[in-house]
Amino acid sequence: MTNSVSSSTAFDLVILGAGMTGASLVHLLQPALQTGMRIALIDRQQIHWTEDVLERPPSFDGRATALAWGSRQLLRRMGCWEALIDRACAIQHIQVSDRGRFGQTHLHASEQGTEALGYIVENAVLGRALLQGLGAYPNVTLLSDTDVQRVDMISGGSQLTLAGGESITTALLVLADGGRSGLAQQLGIRQQREEYDSVALVTQVEMDREHLHWAYERFSDHGPVAFLPLQQRHFAVVWTLPPDDCERILALPDPLFAEQLQQQIGYRCGRIKRIGERFSYPLALVCSCEQVRRGLVLLGNAAHSLHPVAGQGFNLALRDTAALAARLLESWAMKRPLGDLAVLLDYAQQQQRDQGNTIIASDLLPRLFAHPGKLTALGRGAGLMALASLTTPRRLLALHAMGLGQPAPRFASAPISAQSFSRLESADAL
Ligand SMILES: Cc1cc2nc3c(=O)[nH]c(=O)nc-3n(C[C@H](O)[C@H](O)[C@H](O)COP(=O)(O)OP(=O)(O)OC[C@H]3O[C@@H](n4cnc5c(N)ncnc54)[C@H](O)[C@@H]3O)c2cc1C
């Protein structure tokens, strides 16, 4: 791994954004790195490395991420799961309920024949696992604390002008620079943006008893609150609120905040003993109108950023990333240009259905469950009761929550290695 460039350096692939998506793409391309693919990973935030210890990963804040079972499998193939295993809490049961009304449903991993319905990992831990592993790869240039000021599409790829004045070229540019991608805008790529008029309040709590691997999703007329299990008595909390309520609640002293939160979740998971730092995120559904062009791909939040209620944003991004990596490995093995439009369109088409289904589900849930009308409330109570008694819809819901309702990414089941690259070269693994 190197961390500087001189002007006119040429790369096969430049990934803008070393967040969860950008870092994952590097891991998934590991076999091609072993055979000479040159990748630059650029982030405007500073990444400090001291004796291989990452001090402050970029974009990995106080949140926690619910990883679907399918994502766990991908992280294992990327070689990152080992670093997470002691810190990822398995969800073995989920209770979905509606505040003040009858109707709740339970989902259990045992019914699905898997060891967990999903896992909860703190973003800081996930960031460390993803970024630390990159240090071992050859042919990766990490440019942190580096802003890209301008991108020009040129024949054979694109040219990027860095804030320091250097310019670099690449055959393929992947914009993984988040939901407000300035460079996509500069390239004239439009976004469809729909505000939810709500804010996600995120914190951690310690309860008076152990969670025993239960997660809770509770809906009310004010929006959903999720309690997601972390270490023993700790939960990550995501509480979706109207912006005014959120501002008021954020400003409450800890005991009053705890009281309000306790009212929201009830006593099903015990009594709140301690509250962690609180953060808030305004919520919107943002979809890019184009995801690929010749020599260009938008990935992760740059392509679609979703409501967090179903915990699907990164899970979907990871499925996209795995599908794209499979295409790029294939192109690399066949010595095809990485920016080939036909290949990139093929990737986009392959992911269209998964993206569409996930976006619709993550958009529908908050609308259905946040509507203040009584009929809707009765309807969702009845819906939850019906769900509790029907095996197939519960199974489908559970599969969706695990990320297994979608076609599996096209990778062999073993961790990625140079050997699996040879198999890809012989094309029978695809
Ligand atoms: C409250 C909340 C809870 C969530 N919970 C879940 C969950 O449980 N499960 C789940 O799957 N998803 C969840 N998500 C979604 C998930 O967090 C996102 O999908 C994920 O963070 C997207 O990562 P990314 O790498 O695409 O973008 P980002 O994390 O936004 O990273 C973009 C990176 O690009 C860099 N960058 C931007 N512009 C430039 C530039 N011009 N030059 C250089 N660098 C640049 C930034 O510094 C940043 O590091 C949640 C989201 C929210 C808001």
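- The protein appears in an unreviewed UniProt entry as 2-octaprenyl-6-methoxyphenyl hydroxylase from Oceanobacter antarcticus.
- The Sequence similarities (unreviewed entry) field of the UniProt record for the protein holds the comment "Belongs to the UbiH/COQ6 family."
- UniProt annotates the protein under Cofactor (unreviewed entry) with the comment "FAD".

A few points about the overall build of the protein
- For the protein, the count of helices and strands is 14 helices and 22 strands.
- Each of the 430 residues in the protein was classed as buried or not, and the buried ones make up 53%.
- Look at the contacts in the protein between residues 6 or more apart in sequence, and 75% of them connect residues 24 or more apart.
- For the protein, the accessible area works out to roughly 18,800 Å², and carbon and sulfur atoms hold 51% of it.

Looking at helix H1 (residues 20-28)
- Among the nine residues that make up H1, nine are buried, leaving the element largely enclosed by the rest of the structure.
- Taken as a whole, H1 has its buried residues at Met20, Thr21, Gly22, Ala23, Ser24, Leu25, Val26, His27 and Leu28.

Observations concerning the packing of aromatic side chains
- Going through the model one piece at a time under the given rule, you end up with six aromatic pairs.
- Between tryptophan 81 and tyrosine 119 the ring centres are 5.0 Å apart and the planes differ by 75 degrees, which places this aromatic pair in the edge-to-face class. Taken as a pair, tryptophan 81 in helix H4 (residues 81-84) and tyrosine 119 in strand E9 (residues 118-122) lie far apart in primary sequence, 38 residues in all.
- Residue classification places tryptophan 81 among the buried positions, given a relative accessible area of 4%.

Describing helix H3 (residues 69-77)
- Burial analysis of H3 places seven of its nine residues in the buried class, the great majority of the element.
- If you check which residues of H3 are buried, you get Trp69, Gly70, Ser71, Arg72, Leu74, Leu75 and Arg77.
- Elements in contact with the buried residues of H3: strand E5 (64-68), H4, E9, helix H6 (123-132) and helix H10 (313-333).
- Looking at the residues trailing H3, positive phi occurs at glycine 79, about 85 degrees.

Brief notes about the site of the ligand
- Close to the ligand lie 29 residues; Thr21, Asp43, Ala66, Asn301 and Phe314 are nearest.
- In the environment of the ligand, an oxygen atom lies 2.7 Å from a nitrogen or oxygen atom belonging to the backbone of alanine 66.
- Note that an oxygen atom of the ligand is positioned 2.8 Å from one of the backbone N or O atoms of phenylalanine 314.
- Considering the ligand on its own, with 1,000 Å² of exposed area, one finds that the protein chains cover 90% of that surface.
- Sorting the residues of the shell around the ligand by element identifies H1, E5, strand E14 (191-207) and H10 as the ones contributing at least two each.
- Top element by residues in the shell around the ligand is H10. It accounts for three residues.
- Residues of the shell around the ligand, tallied by class, amount to 10 nonpolar, 14 polar and five charged.

With respect to the pattern of salt bridges
- This model, assessed by the stated rule, comprises 12 salt bridges.
- Residue arginine 72 is joined to glutamate 115 by a salt bridge in which the shortest nitrogen-to-oxygen separation is 3.7 Å. Taken together, the residues arginine 72 in helix H3 and glutamate 115 in the loop between helix H5 (109-112) and E9 connect sequence positions 43 residues apart.
- Of the charged contacts in the structure, one is a salt bridge between glutamate 195 and arginine 193, with a shortest N-O distance of 2.8 Å.
- Residue classification places arginine 193 among the partly exposed positions, given a relative accessible area of 37%.

Parameters at a glance
- Residues numbered from 1 in each chain as written.
- Predicted model: local features only at pLDDT ≥ 70, side-chain atom pairs only at ≥ 80, totals over all residues.
- Heavy atoms only, no water.
- UniProt positions renumbered as here; feature names shortened; annotations may be inferred.
- Helix = DSSP H or I, 4+ residues; strand = E, 2+ residues; numbered from the N terminus.
- Buried < 20%, exposed > 50% of the residue type's maximum accessible area, 1.4 Å probe, protein only.
- Contact = heavy atoms within 4.5 Å.
- Areas by Shrake-Rupley, 256 points an atom, 1.4 Å probe, with all protein chains shown as cover.
- Phe/Tyr/Trp six-rings, centres within 6.5 Å; stacked < 30°, edge-to-face > 60°.
- Near = heavy atom within 4 Å.
- Polar contact = N/O pair within 3.5 Å; in protein donor to acceptor, adjacent residues only side chain to side chain.
- Nonpolar A, V, L, I, M, F, W, Y, C, P; charged D, E, K, R; others polar.
- Salt bridge = Lys/Arg side-chain N within 4 Å of Asp/Glu carboxyl O.

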